[in-house]
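An overview of the molecular structure
This is what each chain is made of:
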Amino acid sequence: MKKGAKNGLRDLRQPEVNEPPKITFPCDYSLKVVGDAAEDFPACVCQVIVKHSPDFDETSIQVIDSRNGRFQSVRVTIVATGEQQLRQLFDDLKATGRVHMVV
């Protein structure tokens, strides 16, 4: 017996098309920006974030050092106004050459 949609079973050979979750803008949007640990890394991240979210409160950031001290993560929350803003923010953070990952 062949497994198919008719009997309620999903054919695992076919990849399921998942749409990304929809975000309602504006909203609070949390980011974690990871890069090499340096004294000026948080300031570098803040400079880019303020460009895209002028109302960002720089005093609200959290800086977490990795266990071995090689990396830092800068955690921030911004008011996201749209997908284009987020895309440009991610691109500008990566363009610094200092950011390894944005989550």
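Residues numbered from 1 in each chain as written. Predicted model: local features only at pLDDT ≥ 70, side-chain atom pairs only at ≥ 80, totals over all residues. Heavy atoms only, no water.

Under an unreviewed UniProt entry, the name given to the protein chain is UPF0250 protein CK497_14195, and the organism recorded is Vreelandella alkaliphila. Looking at the Sequence similarities (unreviewed entry) heading of the UniProt record, one finds this comment for the protein chain: "Belongs to the UPF0250 family." (UniProt positions renumbered as here; feature names shortened; annotations may be inferred.)

**Brief notes about the sheet that holds strand E3 (residues 71–80)**
Spatially, four strands are ordered E2-E3-E1-E4 in an open sheet, and the strand pairing comes out antiparallel. Strands with a single pairing partner mark the edges of an open sheet, and in this sheet they are strand E2 (62–65) and strand E4 (99–102). Each neighbouring strand pair of the sheet contributes to a mean axis angle of 25°, computed without reference to strand direction. On top of the sheet, helix H1 (residues 41–52) reaches strand E1 (27–36), E2, E3 and E4; it is set at about 20° to E3, its chief contact. Packed onto the sheet, helix H2 (residues 83–95) meets E1, E3 and E4 and runs at close to 155° relative to E3. (Pairing = 2+ DSSP bridges. Helix = DSSP H or I, 4+ residues; strand = E, 2+ residues; numbered from the N terminus. Axes fitted to C-alpha atoms, helices over the stretch in contact; angles between N-to-C directions. Contact = heavy atoms within 4.5 Å.)

**Some details on the pattern of salt bridges**
Within this structure, the stated rule accounts for three salt bridges. Between Lys51 and Asp92 there is a salt bridge whose closest N-O contact spans 3.1 Å. Taken together, the residues Lys51 in helix H1 and Asp92 in helix H2 connect sequence positions 41 residues apart. With a closest N to O distance of 3.6 Å, Arg87 and Glu83 form a salt bridge. Residue Arg87 and its partner Glu83 are both found in helix H2; the two are separated by four residues, about one turn of the helix. Under the relative-accessibility criterion, Arg87 is labelled partly exposed at 48%. (Salt bridge = Lys/Arg side-chain N within 4 Å of Asp/Glu carboxyl O. Buried < 20%, exposed > 50% of the residue type's maximum accessible area, 1.4 Å probe, protein only.)

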